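# Analysis of the macromolecular model
What follows is the residue order along each chain.
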Amino acid sequence: MAENLTRDTIREIYELPIPELLYRAATVHRAHHDPTKVQFCQLENIKSGKCQEDCKYCPQSAHYDVEIPEYGLESVQQVIEAAREARDGGATRFCMGAAWRGPRNEQEFERVLDMVRAIRSMGMEACVTLGLLNEDQAARLAEAGLTSYNHNLDTSPEYYEKIITTRTFEDRLKTIRNVRKVGVSVCSGGIVGMGESREDRIGMLHSLATLDPPPESVPINLLVPVEGTPLEKAPPLGNIELVRCIATARILMPTSRVRLSAGRQGMTTEMQALCFFAGANSIFTGEKLLTTPNPGEGDQALMEILGMTSESAEETNQEFAQATAANGINGQN
Ligand code: SAM
Ligand code: DTB
Ligand code: SF4
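Figured I'd write up the structure that's included with this text. Throughout, residues of each chain are indexed from 1 in the direction in which the sequence is written. To read the labels, note that chains go from A and ligands from 1, taken in the order they are written. Per-residue local features are limited, in this predicted model, to residues with pLDDT of at least 70; the limit for side-chain atom pairs, both in listing and counting, is 80 or more; totals at the level of whole chains, interfaces and linings are taken over all residues. Just so you know, side-chain values use all the structure's heavy atoms and leave hydrogens and water out.

Moving on, we come to the overall build of the protein. Helix numbers and strand numbers start at the N terminus; a helix is a DSSP run of H or I with at least 4 residues, a strand a run of E with at least 2. Within the protein one finds 12 helices and 10 strands. We compute the radius of gyration from the C-alpha atoms alone; for a globule the expected value is 2.2 Å times N to the 0.38, where N is the number of residues. In terms of overall size, the protein behaves like a compact globule, its C-alpha atoms giving a radius of gyration of 18 Å where 333 residues would be expected to give roughly 20 Å. In terms of overall dimensions, the protein has a C-alpha envelope of 55 × 40 × 40 Å along the principal axes. Looking at the protein as a whole, 59% of its 333 residues qualify as buried. When contacts within the protein are restricted to residue pairs at least 6 apart in sequence, those whose partners lie at least 24 apart make up 77%. Method for areas: the Shrake-Rupley scheme with a 1.4 Å probe, in which residue coverage is limited to the protein chains shown. With an accessible surface of roughly 13,700 Å², the protein has 49% of that area assigned to carbon and sulfur atoms. Only four residue types enter the tally: Lys and Arg on the positive side, Asp and Glu on the negative side, with His and both chain ends excluded. Charge positions come from single atoms, namely NZ of Lys, CZ of Arg, CG of Asp or CD of Glu. Computed over 33 positive and 46 negative side-chain charges, the separation of the two mean positions in the protein equals 3 Å. Whether a residue is buried, partly exposed or exposed follows from its accessible area with a 1.4 Å probe, protein chains only, as a fraction of its type maximum: under 20%, in between, or over 50%, in that order. Contacts are assigned to residue pairs that have any heavy atoms within 4.5 Å of one another.

See below:
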């Protein structure tokens, strides 16, 4: 589908009447995934705050005055302990984020490589998001056994410069190409609810779905508006608009994971049920995302009420094998 995919085609899907859109997305979803399962992923902020980048949504940017815990790169031991707890809570993927423009300090980068090795030896998927990468850095992460690299396109190419002034959309694409070159699977999605237009959301989905191959994992974040950031007063996105994004992502990228990422705190059970029906099959669990609150314990109740369960490590492995095989890459898992 990818090469000939136009924004017009995506708009036709995105704007379908809701019963039609949901039916199509759910049909695609169950053809490729078990619709009763959700992958639990745990985030760990391995380096917090004081980031040199100017991203208007982000509480960790040094350009804004936001009260968050700030600390340097965590130790491997700290990460292992957090991962153990996450695994005990049913997480099969451990995602480590650093408030960096990109890795610059050799010793710190080596420590991140050790973190990746440690997580992989615990039988979990290991994902990191460290900002811009060159090919050599990507190759070293691959060598350490990294499952996936998270690097979001975040919004449409046109809206990008309104949100992020210290790098370009093309810089992001380049890092994704470097990750692809070394055979690591790609996790890339974006944020909705940043005051962008529907055309921007469609444009973002177009950019993601026409990556060749598309990302194996697609996080859809609903903006968490944080006081002190320029987007603190962004107009809230309608619930159904988020459902449309998820359903369209599912139809466009049938074998990928679609992750209902930031923004679940305060979302109703019914809304999350709609998102799962529309094809989301992964969430971030725990009390905290990177710096903002997340439902924590509430997710056990959510699964029970919806009669759904979290994926076992084996089911996660099968999903990963399917997604990478569909993209013609040799998964590391
Ligand atoms: N510094 C690295 C980078 O930007 O690639 C990795 C960490 S950064 C915090 C990872 C992602 O978090 C961003 O690409 C963005 O999609 C998401 N994010 C940051 N702040 C957010 C917010 N307030 N609401 C929703 N998502 C957010
Ligand atoms: C992604 O797409 N969302 C996560 C993860 N990848 C790194 C981050 C969400 C951050 C939400 C704001 C915060 O907690 O600081
Ligand atoms: Fe830094 Fe990433 Fe936040 Fe941008 S999104 S300010 S790069 S941590």
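One heavy atom within 4 Å of a molecule or strand is enough for the residue carrying it to be called near that molecule or strand. Asn152, Asn221, Leu290, Thr291 and Thr292 are the nearest of the 13 residues found near ligand 2. A distance of 2.6 Å separates an oxygen atom of ligand 2 from a polar atom in the side chain of Thr291. Note that an oxygen atom of ligand 2 is positioned 2.8 Å from one of the side-chain N or O atoms of Thr292. Considered on its own, ligand 2 offers 410 Å² of accessible surface; in the complex 88% of this is hidden by protein. Whether a set of points on the 1 Å grid over the protein atoms alone is a cavity depends on a 1.4 Å probe fitting there but being unable to get out, while an open set qualifies as a pocket with protein on both sides within 12 Å along at least five of seven lines; lining residues are those with an atom within 4 Å of a point. Cavities and pockets are treated as containing a molecule whenever more than half of the molecule's atoms lie within 2 Å of their grid points. Here ligand 2 occupies the largest cavity. Tallied by class, residues from the shell around ligand 2 come to 7 nonpolar, 6 polar and no charged. Pairing of N or O atoms within 3.5 Å defines a polar contact, subject to two protein rules: one partner must be a possible hydrogen donor and the other a possible acceptor, and residues neighboring in sequence count only if both atoms are side-chain atoms. Only Asp, Glu, Lys and Arg are considered charged in this grouping, and only Ala, Val, Leu, Ile, Met, Phe, Trp, Tyr, Cys and Pro are considered nonpolar; every other residue, Gly among them, is considered polar.

Among soluble globular proteins, nonpolar side chains are generally buried collectively. Throughout, nonpolar core names a set of buried Ala, Val, Leu, Ile, Met, Phe, Trp, Tyr and Cys residues whose side chains join them through atoms within 4.5 Å. If you look at the biggest cluster of nonpolar residues, it comprises 92 residues, and the most contacted ones within it are Tyr57, Leu130, Leu141 and Leu242. If one sorts the elements of this core by residue count, helix 9 (residues 239-252) sits on top with 8 residues. When residues no more than four places from it in sequence are discounted, the contact partners of Leu141 are Phe109, Leu113, Val116, Val128, Leu130, Leu133, Leu146 and Tyr149. Counting 7 residues, the second-largest nonpolar core is a separate cluster that includes Cys41, Cys95, Cys127 and Phe284.

Right, let's talk about the site of ligand 3 for a bit. Around ligand 3, the neighbouring residues are Cys51, Glu53, Cys55, Tyr57, Cys58, Ser61, Ala99, Trp100 and Arg167. The cavity that encloses ligand 3 is the largest cavity. Partitioning the shell around ligand 3 into residue classes produces 6 nonpolar, 1 polar and 2 charged.

This part covers the environment of Ser148. Within the secondary structure layout, Ser148 lies in strand 4 (residues 148-150). On a C-alpha basis, the gap between Ser148 and Gly183 in space is 9.4 Å, while along the polypeptide they are 35 residues apart. A distance of 3.0 Å separates the side chain of Ser148 from the side chain of Arg93, its partner in a polar contact. Among the polar contacts listed, one links the side chain of Ser148 to the backbone oxygen of Ser185, at a separation of 3.4 Å.

Attention now goes to the environment of Asn239. Structurally, the position occupied by Asn239 is in helix 9. Residue class for Asn239 comes out partly exposed when judged on its relative accessible area of 44%. Counting along the chain gives 219 residues from Asn239 to Glu20, while the straight-line C-alpha distance between them is 17 Å.

What follows is about the pairing of strand 2 (residues 93-98). Most of strand 2 sits inside the fold, with 6 of its 6 residues counted as buried. Residues of strand 2 alternate between two faces, with Arg93, Cys95 and Gly97 on one and Phe94, Met96 and Ala98 on the opposite face, all of them buried. Crossover strand 1 (residues 37-47) to strand 2 through helix 3 (residues 76-88) is right-handed. DSSP-based pairing: two strands are paired if at least 2 bridges between them are found. Sheet analysis places strand 2 next to strand 3 (residues 125-129), joined by 5 bridges and oriented parallel. Note that in strand 3 the partner of Met96 across the bridge is Val128. Whether a crossover is right-handed comes down to one check: with the strands pointing away from the viewer, does the path from the first strand over the helix to the second run clockwise; if it does, it is right-handed.

Bringing empty space enclosed by the protein into the picture now. Grid points are joined across faces, edges and corners, and a volume is the space filled by probe spheres set on the points. Evaluated as defined, the whole model comprises 2 cavities of 30 Å³ or more. Taken together, 42 residues make up the lining of the largest cavity; nearest its centre are Tyr57, Cys58, Gln60, Asn152 and Leu290. Secondary structure elements with two or more residues in the lining of the largest cavity: strand 1, strand 2, strand 3 and strand 7 (217-222). Here the lining of the largest cavity is composed, by residue class, of 23 nonpolar, 13 polar and 6 charged. Within this model, the second largest cavity holds a volume of roughly 80 Å³. Around the second largest cavity sit Arg93, Glu125, Ser148, Ser185, Glu216, Ser217, Arg257, Glu319, Phe320 and Ala323, which together line it. Among the elements that make up the lining of the second largest cavity, the one with the highest residue count is helix 12 (residues 313-326) (3 residues).

Tracing the backbone shows Thr285 in strand 9 (residues 282-285). A relative accessible area of 9% places Thr285 in the buried class. When sequence neighbours within four positions are dropped, the list of residues in contact with Thr285 reads Phe40, Cys41, Gln42, Arg264, Asn294 and Asp299.

Nothing here speaks to function; it is geometry throughout.
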